[in-house]
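Observations on the model geometry
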Amino acid sequence: QSALTQPRSVSGSPGQSVTISCTGTSSDVGAYDFVSWYQQHPGRAPKLMIYDVTQRPSGVPDRFSGSKSGNTASLTISGLQTDDDADYYCCSYAGTHTIFGGGTKLTVL
Amino acid sequence: QVHLQESGPGLVKPSETLSLTCTVSGGSISSYYWNWIRQSPGKGLEWIAYIHYSGTTKYNPSLKSRVTMSVDTSKNQISLRLNSVTAADTALYYCSGGYYNGKLDNWGQGTLVTVSS
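Described below are features of the structure shown in this document. (Residues numbered from 1 in each chain as written. Chains lettered and ligands numbered in written order. Predicted model: local features only at pLDDT ≥ 70, side-chain atom pairs only at ≥ 80, totals over all residues. Heavy atoms only, no water.)

**Some points on unusual backbone geometry**
Here V53(A), not a glycine, exhibits a phi torsion of approximately 70°, which is positive. Along the polypeptide, V53(A) turns up in the loop between β4 (47-50) and β5 (64-69). Taking the relative accessible area as the measure of exposure, V53(A) reaches 7% and is therefore buried. In the Ramachandran plot, S15(B) falls in the positive-phi region, its phi being about 80° despite a non-glycine side chain. Tracing the backbone shows S15(B) in the loop between β2 (11-12) and β3 (18-25). (Helix = DSSP H or I, 4+ residues; strand = E, 2+ residues; numbered from the N terminus. Buried < 20%, exposed > 50% of the residue type's maximum accessible area, 1.4 Å probe, protein only.)

**What to know about the interface of chain B and chain A**
In this assembly, 22 residues from chain B lie in contact with 20 residues from chain A. Across the interface of chain B and chain A, roughly 1,700 Å² is buried in total on both sides, 60% from carbon and sulfur atoms. Counting the surface chain B buries against chain A, the share from its top three residues, L45(B), W47(B) and N101(B), is 31%. Across the chain B-chain A interface, the total number found is 0 salt bridges. One can count 7 residue pairs in polar contact (both at pLDDT 80 or more) joining chain B with chain A. If you list the elements that add at least two residues to the side of chain B that touches chain A, you get β4 (33-39), β5 (45-52), β6 (57-59) and β10 (104-107) of chain B. Here the residues of the side of chain B that touches chain A sort into 9 nonpolar, 8 polar and 5 charged. (Contact = heavy atoms within 4.5 Å. Buried area = accessible area lost by both parts, 1.4 Å probe. Salt bridge = Lys/Arg side-chain N within 4 Å of Asp/Glu carboxyl O. Polar contact = N/O pair within 3.5 Å; in protein donor to acceptor, adjacent residues only side chain to side chain. Nonpolar A, V, L, I, M, F, W, Y, C, P; charged D, E, K, R; others polar.)

Functional significance is not addressed by these values, which are geometric in nature.
As structure tokens, this is what we get:
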């Protein structure tokens, strides 16, 4: 199956907001409210930032928020900080398996 | 906090079988679904499979014919076997504990596997 579609890169200045999109199909993103987002710094394991489309795990700042409309999910990061500079991956349940997006490189200028 | 440690041979020959183990500590193996995810050098994440301690397993459709997962509750270990490997299977392999729906709360540090003769 094909990966979910994400922009290869996005950028923003400290204090600004950015939104990363994740487009799937009616069989994955559009079918279930089970979209999660992961942050990965170089050389580190991924970290769960959002699950079930909008939920934040304990310890994740409320600057991170998730949403979904139809077959597209989005991650918004407000009040950008230098530590947000990382790769971000969306992930969706697809009924019988799980599928990741191709990843987005966020550069905080 | 659950701690996960992946282990296995760093080098596997083409056409052979890749075998990895994930040892779980600090938590019960019955608490989660256990996933394997891989990341080819410089590439994105690819979900491989999950297993529940009850034995329920699900596999990535593109890898299903080559993958087997198992769980050993007595040793608190999860295993992955991937047969008929090629260079395309060279990757950092992560073990992760979470749920069946992609909510992956805990991750190991990963183990690098290179497929080469």
